[in-house]
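Reading the structure
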Amino acid sequence: MHVEADIQSLADLEPTVERLLARHLRQTKEWHPHALVPWSRGEDFAPDYEWSPDEANLTPEARSALFVNVLTEENLPYYFRDSERLFGREGAWGEWVRRWTAEEGRHGRVIYDYLSVTRALDPVALERARMAQVQCGQVPQPPSLLEGLAYVTLQELATRIAHFNTGHHIDDPAGKAIMRRVAFDENLHFLFYRDVMSAAVEIDPSGAVVAIANQVQSFAMPGVGITDFDAHSRIIAEAGIYDLAIHHDQILQPVVLRDWNLPGLTELSGMAEAARERLIALIERIGRVGQRLADRYAEARSSLHRNAALAR
């Protein structure tokens, strides 16, 4: 049940959602998962089949990224449930939620099929992890409409970046094409949510600032319930696919500080002003820590490459 403030915000933002949905439908392109999967490379699995990493010409970081990416996408039923809880089933809001769900459904399908056909990951371990993830049924659940909009904006952009950067670590042209296609969709989803939130900032700047501050403070990449998520996240960060520096430089700085113009907002309530001060300080701190970690990861990669060259 929506609280009174959310009901009013839904109504106030409905014209914006209707306009942005129409824009989205003009910009999106029809595509078919079956056309991107290299089916000719597939073969039957023998009853006694045991997977080996040698079967897939993928680096460990690419395997970790694909594992997390596909399981995040497979958790779609719960993201749909929470989106419908926040945005409702009626009007342009409901139409958007259903369209978004239909598009997201292709992502998990095409990545999972690709991984199965190419044997890029252990199919038994992957299916067990998928079962565990979906049975877990956990996703972030923002408590209000404004916090929900803030979260999905950050999350969609983070997902687009992670998918796109994963593609850079895949030598297989088919795998690259799949990750580019999925990242394109995620970018359109990000633009929709970013611009709805921009309208919310104009309508209720104080409420929006508090919501954004809360979500930036608590934000984490989707992954609750994914098997060995912390270990995979560390590998992904060390490879430069998605880390704290990227989160700062490509999400917080351009979206929160520039697009939503948090430093320039005026006539905020006392609570919102305090939240903005904490948020700006937090973003600066994330930038410093993220850069230190990124430098450490880069040095470790350089050392690894030097040692590999010497070994040859």
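Parameters at a glance
- Residues numbered from 1 in each chain as written.
- Predicted model: local features only at pLDDT ≥ 70, side-chain atom pairs only at ≥ 80, totals over all residues.
- Heavy atoms only, no water.
- Phe/Tyr/Trp six-rings, centres within 6.5 Å; stacked < 30°, edge-to-face > 60°.
- Helix = DSSP H or I, 4+ residues; strand = E, 2+ residues; numbered from the N terminus.
- Buried < 20%, exposed > 50% of the residue type's maximum accessible area, 1.4 Å probe, protein only.
- Patch = residues over 30% accessible without salt bridge, like charges linked within 9 Å, V, L, I, M, F, W, Y side chains within 5 Å.
- Areas by Shrake-Rupley, 256 points an atom, 1.4 Å probe, with all protein chains shown as cover.
- Salt bridge = Lys/Arg side-chain N within 4 Å of Asp/Glu carboxyl O.
- Lys, Arg positive; Asp, Glu negative; His and termini not counted.
- Charge placed at Lys NZ, Arg CZ, Asp CG, Glu CD.
- Expected span 1.5 Å × (residues − 1).
- Core = buried A, V, L, I, M, F, W, Y, C linked by side-chain atoms within 4.5 Å.
- Contact = heavy atoms within 4.5 Å.
- Polar contact = N/O pair within 3.5 Å; in protein donor to acceptor, adjacent residues only side chain to side chain.
- Axes fitted to C-alpha atoms, helices over the stretch in contact; angles between N-to-C directions.
- Parallel < 35°, antiparallel > 145°, perpendicular 65-115°, else oblique.
- Left-handed = near helix turned anticlockwise from the far one by under 90°.
- Nonpolar A, V, L, I, M, F, W, Y, C, P; charged D, E, K, R; others polar.

A few words now on the packing of aromatic side chains. This structure, assessed with the given rule, holds seven aromatic pairs. Between Tyr151 and Phe219 the ring centres are 5.7 Å apart and the planes differ by 45 degrees, which places this aromatic pair in the tilted class. Residue Tyr151 is found in helix H7 (residues 145-168), and its partner Phe219 is found in the loop between helix H9 (205-218) and helix H10 (229-238); the two are separated by 68 residues along the sequence. Judged on exposure class, the residue Tyr151 and its partner Phe219 are both buried. With a centroid separation of 5.4 Å and 85 degrees between ring planes, the pair formed by Phe192 and Tyr193 is classed as edge-to-face. Across the pair, exposure class does not vary: Phe192 and Tyr193 are buried alike. Every member of this aromatic cluster is reached through a ring pair, and the members are Phe87, Trp93, Trp96, Phe192 and Tyr193.

What follows concerns a positive patch on the surface. The grouping of Arg285, Arg288, Arg292 and Arg296 at the surface amounts to a positive patch. Among the structural elements, Arg296 can be located in helix H12 (residues 270-311). For Arg296, a relative accessible area of 56% gives the class exposed.

Bringing H7 into the picture now. Helix length check: H7, at 24 residues, gives a terminal C-alpha distance of 35 Å against a target of 34 Å (1.5 Å per residue), a fit within 8%. Across the 24 residues of H7, 21 count as buried, placing the element largely inside the fold.

Attention now goes to the nonpolar core. Trp93, Ile111, Leu115, Leu149, Ile212 and Val256 are the most contacted members of the largest nonpolar core, which totals 92 residues. Among residues more than four places away in sequence, those in contact with Leu115 are Leu66, Val70, Ala120, Leu121 and Leu126.

Locating Asp82 in the fold gives a position in helix H4 (residues 76-87). Looking at Asp82, the relative accessible area reads 5%, which means it is buried. Reaching out from Asp82, the side chain makes a polar contact with the side chain of Arg85 at a distance of 2.7 Å. What Asp82 contacts, discounting residues up to four positions off in sequence, is Pro140, Gln141 and Pro142.

Turning our attention to unusual backbone geometry. Look at Asp228: it is not a glycine, yet its phi comes out positive at around 55 degrees. By the element assignment, Asp228 lies in the loop between H9 and H10. By relative accessible area, Asp228 is classed as exposed at 54%. The backbone of Asn261 sits at a positive phi, close to 55 degrees, despite the residue not being glycine. Position of Asn261 among the secondary structure elements: in the loop between helix H11 (244-259) and H12.

Over its 15 residues, helix H3 (residues 60-74) runs 21 Å from end to end, which matches the ideal 21 Å to within 8%, given 1.5 Å per residue. Burial within H3 is extensive, with 13 of its 15 residues counted as buried.

The next thing to look at is the packing of helix H5 (residues 91-118) against helix H8 (residues 173-203). Contact pair H5 / H8: the axes reach a minimum separation of 10 Å and the direction vectors enclose 160 degrees. When the axes of H5 and H8 are compared, the pair comes out roughly antiparallel. Once H5 is placed against H8, the crossing between them reads as left-handed. Counting all contacts with H5, which are made through Trp93, Trp96, Trp100, Glu103, Glu104, Arg106, His107, Val110, Ile111 and Tyr114, the residues of H8 involved are Ala174, Gly175, Ile178, Met179, Val182, Asp185, Glu186, His189, Phe192, Tyr193 and Val196. Considered class by class, the residues forming the contact of H5 with H8 number 13 nonpolar, three polar and five charged.

Here we take up the environment of Thr159. Relative to the elements of secondary structure, Thr159 occurs in helix H7. Among all residues touching Thr159, those that are not within four sequence positions of it are Glu73, Glu186 and Met221. Among the polar contacts made by the side chain of Thr159, one reaches the main-chain carbonyl oxygen of Gln155 at a distance of 2.8 Å.

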